[in-house]
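Summary of structural features
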Amino acid sequence: MRQLIAGNWKMNLLRAEALGLAAALRHGIADIAAEMLVCPPAITLAAVAQALEGTDIAVGGQDCHQEAKGAHTGDISAPMLRDAGAGWVILGHSERRQDHGETDEMVREKVLAAAIAGLTPIVCVGETEDQRRSGAETEAVGWQLSGSLPRGFGTEVPGVLAYEPLWAIGSGKTPTEAEIAAMHAFIREELLRQFPDAGAAVRILYGGSVKAANAAALLGVPEVGGALVGGASLVAEEFLAIARAGRGG
Ligand code: PGA
């Protein structure tokens, strides 16, 4: 399977900085075999999409509302993201779950809304540090998987999963390769149980403190279908180096 290297820019980069990063990525992708995606803030998404037009770098949103339109001040819908040039959207990121009280049910509705609008969702799951410490990490991720994925996931609702342990995000800490392998194997089993027809083909990304220095090791773990990269995706050379470590298929 071709690996997907996705950059989550989070709430970073003013327009000129975003365009500068897009231009640097555009110039650096010649020798990259993996699939590439950047997810800028909604306000700069259209400009970044335009700057990357004609390249193999896709553009995605970081969240969308579950409704297509309506009285939801400050929110952004999936058709709006699509209209601005997005092909993808990150959903259920732990920062959305924490900062905005997003529940598994909301994430599931958003996944459907994204699919209807023609966006491919990246659905994020991951355990807290306490859950990991008490040995409840697979149980926690299992609940998120059964709550966040709608019927038809992987078939009528194409999508990607991202395993992001909360304690690894932005911390410089990562699970061991064995821990990542175990969790990805568990997620694969759950996908096959919930979606017997499609579960084998859904890519499972790893996210949390991925950087150029650890990318080759993390991307070499069995069942890792790519990376969701936060901090290191804001620096062109770092992100390009991570992408170069990704497999082409
Ligand atoms: P990080 O973030 O790479 O900065 O740890 C990953 C993410 O939250 O997607």
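The preceding data block contains the structure.
**Points about the pairing of strand S1 (residues 4–8)**
- Among the 5 residues in S1, 5 count as buried, and that is most of the element.
- With burial as the criterion, each face of S1 is covered, one bearing Leu4, Ala6 and Asn8 and the other bearing Ile5 and Gly7.
- Here S1 pairs with strand S2 (residues 35–39) via 5 bridges, running parallel. Residue pairing in the sheet places Leu4 in a bridge with Glu35 of S2.
- Note on the crossover from S1 through helix H1 (residues 15–28) to S2: the handedness is right-handed.
- Relative to strand S8 (residues 226–229), S1 is paired through 4 bridges, and the arrangement is parallel. Bridge pairing links Ile5 to Ala227 in S8.

**Observations regarding the site of the ligand**
- Around the ligand, the surrounding shell holds 13 residues, and the nearest of these are Lys10, His93, Glu164, Gly170 and Ser209.
- In the model, an oxygen atom of the ligand is placed 2.7 Å from a nitrogen or oxygen of the His93 side chain.
- Ser209 has a polar backbone atom sitting 2.8 Å from an oxygen atom of the ligand.
- Coverage of the ligand by the protein chains reaches 95% of its 280 Å² of free accessible surface.
- Broken down by class, the residue content of the shell around the ligand amounts to 4 nonpolar, 7 polar and 2 charged.

**A word on the nonpolar core**
- With 62 residues, the main nonpolar core has Leu25, Val38, Phe153, Leu161 and Ile187 as its most contacted residues.
- Apart from the residues lying within four places of it in its own chain, the contact partners of Val38 are Gly7, Trp9, Leu25, Val48, Leu52, Ile57, Ala58, Val59, Gly60 and Phe239.

Rules used in this analysis
Residues numbered from 1 in each chain as written. Predicted model: local features only at pLDDT ≥ 70, side-chain atom pairs only at ≥ 80, totals over all residues. Heavy atoms only, no water. Buried < 20%, exposed > 50% of the residue type's maximum accessible area, 1.4 Å probe, protein only. Helix = DSSP H or I, 4+ residues; strand = E, 2+ residues; numbered from the N terminus. Pairing = 2+ DSSP bridges. Right-handed = clockwise from strand over helix to strand, strands pointing away. Near = heavy atom within 4 Å. Polar contact = N/O pair within 3.5 Å; in protein donor to acceptor, adjacent residues only side chain to side chain. Areas by Shrake-Rupley, 256 points an atom, 1.4 Å probe, with all protein chains shown as cover. Nonpolar A, V, L, I, M, F, W, Y, C, P; charged D, E, K, R; others polar. Core = buried A, V, L, I, M, F, W, Y, C linked by side-chain atoms within 4.5 Å. Contact = heavy atoms within 4.5 Å.

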